Amino acid sequence: MPDASPSLARRATRFLRSSLFAQVALALALGILVGRLWPQVGSAVQPLGDGFVRLIKAMIAPLVFCVVVAGITKAGDLKAFGRIGLKALIWFEVATTLALVVGLLAANLVRPGDGMNVDPASLDASAVDEKTGGESLPSTTEFILHSLPDSAVGAFAENSLLQVLVLACLVGAALLHLGQTKVPAILPAIEQAQEVVFAVVGFVMKLAPLAVFGATAHLVGEYGLGALSTYGKLIGVCYAVALVFLALLGVALKAFTGVSLWKFVRYTREEMLLALGTASSEAVMPRMMQKLRQAGCREDAVGLVLPTGYSFNLDGASIYLSIGTLFIAQAVGVDLTLGQQVTVVVVLMLTSKGMAGVPGSAFLALSATASALGVIPAGAVALLLGVDRIMDTMRVATNLLGNCVAVFAVSKWEGALDKTRMRQMLDGEIEFQPEPEPSAATAGGAPEAAAPAAVK
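The shown structure was predicted, so the numbers you read here are calculated from the model rather than taken from an experiment.

Engineer: Any chance you could explain the packing of aromatic side chains here in plain terms?
Structural biologist: Following the criterion strictly, the structure yields four aromatic pairs and no others. Relative to Phe156, the ring of Phe65 lies with its centre 5.6 Å away and its plane at 70°, an arrangement referred to as edge-to-face. With a gap of 91 residues between them, Phe65 in helix H4 (residues 46–75) and Phe156 in helix H8 (residues 152–157) connect regions that are remote in the sequence. Phe65 gets classed as buried once you look at its relative accessible area, which sits at 17%. Judged by relative accessible area, which is 30%, Phe156 ranks as partly exposed.

Engineer: Got a minute to help me understand the pattern of salt bridges in this structure?
Structural biologist: Side chains bearing opposite charge may pair, as long as their charged atoms lie close to each other. For the coordinates displayed, the defined rule picks out eleven salt bridges. Between Asp114 and Arg111 there is a salt bridge, with its nearest N and O atoms 2.6 Å apart. Among the charged side chains, a network of salt bridges with common partners joins Glu270, Glu271, Arg287 and Lys291.

Engineer: Can you help me understand the packing of helix H5 (residues 78–110) against helix H13 (residues 232–257) in this one?
Structural biologist: The geometry of a pair of packed helices is captured by two quantities: the angle between their axes and the separation between those axes. Following both chains from N to C, one finds H5 and H13 inclined at 140°, their axes separated by 10 Å at the closest point. Viewed along their axes, H5 and H13 adopt a mutual orientation that is oblique. Where H5 crosses over H13, the two elements pack in a sense that is right-handed. On H13, the residues touching Trp91, Ala95, Leu98, Ala99, Val102, Gly103, Ala106 and Val110 of H5 are Lys233, Val237, Val241, Phe245, Leu248 and Leu249. Its residues placed into classes, the contact of H5 with H13 shows twelve nonpolar, one polar and one charged.

Engineer: Honestly, the layout of surface pockets in this entry has me stumped. Any pointers?
Structural biologist: Taken as a whole, the second largest pocket encloses approximately 750 Å³ of empty space. Along the wall of the second largest pocket there are 29 residues; nearest its centre are Glu270, Arg287, Lys291, Phe432 and Pro434. Broken down by secondary-structure element, the contributors of at least two residues to the lining of the second largest pocket are helix H1 (5–18), helix H2 (20–37), helix H10 (186–205), helix H14 (261–267), helix H15 (269–278), helix H16 (285–294) and helix H22 (419–426). The leading source of residues in the lining of the second largest pocket is H10, at five residues. Broken down by class, the residue content of the lining of the second largest pocket amounts to twelve nonpolar, six polar and eleven charged.

Engineer: Sorry, what's going on with H22 here?
Structural biologist: A turn of α-helix holds 3.6 residues, and therefore any two residues three or four places apart point the same way. Among all positions in H22, only Met422, Met425 and Leu426 are buried. Angularly, the buried residues of H22 cover 90° about the axis, an arc narrow enough to put them on a single face. Buried residues in H22 make contact with H13, H14, H16 and helix H21 (392–414). The distance from a side-chain oxygen at the start of H22 to the backbone nitrogen of Thr420 is 3.3 Å, and the residue carrying that oxygen is Asp418. Gly428 lies just past H22 and shows a positive phi near 85°.

Engineer: How do you make sense of H13 when you look at a structure like this?
Structural biologist: With 26 residues, H13 should cover 38 Å at 1.5 Å per step; its first-to-last C-alpha distance of 37 Å lies within 8% of that length. Among all positions of H13, only Leu234, Ile235, Val237, Cys238, Val241, Ala242, Phe245, Leu246, Leu249, Gly250, Leu253 and Thr257 are buried. Where H13 terminates, the next one or two residues include Gly258, which has phi positive at roughly 85°.

Engineer: Please explain the nonpolar core as it appears in this structure.
Structural biologist: Buried together is how nonpolar side chains tend to be arranged in soluble globular proteins. Phe52, Trp91, Leu234, Phe264, Leu384 and Phe408 are the most contacted members of the largest nonpolar core, which has 132 residues in total. The element contributing the most residues to this core is H4, with 14 residues. Residues within four places of Phe52 in sequence aside, it is in contact with Val204, Met205, Leu207, Ala208, Ala211, Leu274, Thr278 and Ala283.

Rules of the game
- Residues numbered from 1 in each chain as written.
- Predicted model: local features only at pLDDT ≥ 70, side-chain atom pairs only at ≥ 80, totals over all residues.
- Heavy atoms only, no water.
- Phe/Tyr/Trp six-rings, centres within 6.5 Å; stacked < 30°, edge-to-face > 60°.
- Helix = DSSP H or I, 4+ residues; strand = E, 2+ residues; numbered from the N terminus.
- Buried < 20%, exposed > 50% of the residue type's maximum accessible area, 1.4 Å probe, protein only.
- Salt bridge = Lys/Arg side-chain N within 4 Å of Asp/Glu carboxyl O.
- Axes fitted to C-alpha atoms, helices over the stretch in contact; angles between N-to-C directions.
- Parallel < 35°, antiparallel > 145°, perpendicular 65-115°, else oblique.
- Left-handed = near helix turned anticlockwise from the far one by under 90°.
- Contact = heavy atoms within 4.5 Å.
- Nonpolar A, V, L, I, M, F, W, Y, C, P; charged D, E, K, R; others polar.
- 1 Å grid on protein atoms, 1.4 Å probe; cavity = no way out; pocket = protein on both sides within 12 Å on 5 of 7 lines; lining within 4 Å.
- Points joined across faces, edges and corners; volume = space filled by probe spheres on them.
- Arc of directions from axis to C-beta.
- Polar contact = N/O pair within 3.5 Å; in protein donor to acceptor, adjacent residues only side chain to side chain.
- Expected span 1.5 Å × (residues − 1).
- Core = buried A, V, L, I, M, F, W, Y, C linked by side-chain atoms within 4.5 Å.

Any functional reading would require information that these geometric values do not contain.
Below, the structure written as structure tokens:
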């Protein structure tokens, strides 16, 4: 009987070469192994992950600009774009408030900080200052002003997504006002630039396994598994609440749009695993935009809702902040009243909106909440320093899925969701095409060829 092992080995090799998911999964396993056995090697390979994220971030601003401008111009209605933005903000506020409330309920029920009996005087508050780098969360006025660009080039150079969105909306509105007769070459040029950016992202994605290996090896090598024993209850509560929250989102998504969250996770498993491995949802934003467009969401909805959600819809961070606040209070023996917990929700609703892009933003938000309550010592925030990095996986996954759910929900709400295309893509009847689809500028077809048509 012939030996089948060479054939199996060849098939496994072919599968590994063709499947990004398999490559990333293998890199994740190797990263954990190397970080556990050789911690110094794990720290040495950290630049692999950091370099990958930097390359992807370099493409995000031009991609968002091109997608939003093209989306506004193709939709042909600036009012519709405004409605999408307003509906997105309403969805974001409801989702983040739900995340905060669910987190507080769970922290009251399980009480992960009970029994620690920590003396706040024994904590080193300067460690929090070192973590945040002396930064502070912007006020509401500062946040709004920072969202307005003072330099077109600076918005791209600083990779400020909100400023890029404002510029894109202005350019899209100008194109609608001038019409194709006055600037016939602009839109095709923007579409071609978009395809170039997607092509570059495709090149960089081939490095994803190396990035996951480097980031995972560094995480395990530097932090080890010791925090699991000290903060096991807190970690368990945060991850369990995130699963419950995602289940609630999945039920709402299915009822409102007919989209199965489980099928979407299976459809985006490569991106989800990459985001978890690199602890960065920005690393997969370009691919997620492609996958959402090919899954039936109209281009203008994807281009506006997903990037905006990275600043306004931090569901995972909201869960962590609400549970973390009560954990700190319980650990130092402070029993918060119902009124004080309502204050926690209100303060975190405001501070969480200015967190994106600020170093140590979670600790800044926790410090602001502690100051607003006036009963939790500011130094007690240092209790979470040892576990913060382990929470990244929960925050990244929840934030990313929450924003993708928002894209589907707002698309359905606006009548910009092609349900037939969505079902075919999520059921595997249509294969995802990582390369850009031909546009009118390159294929000579109608503008709608670049994105699925909406079913209203």
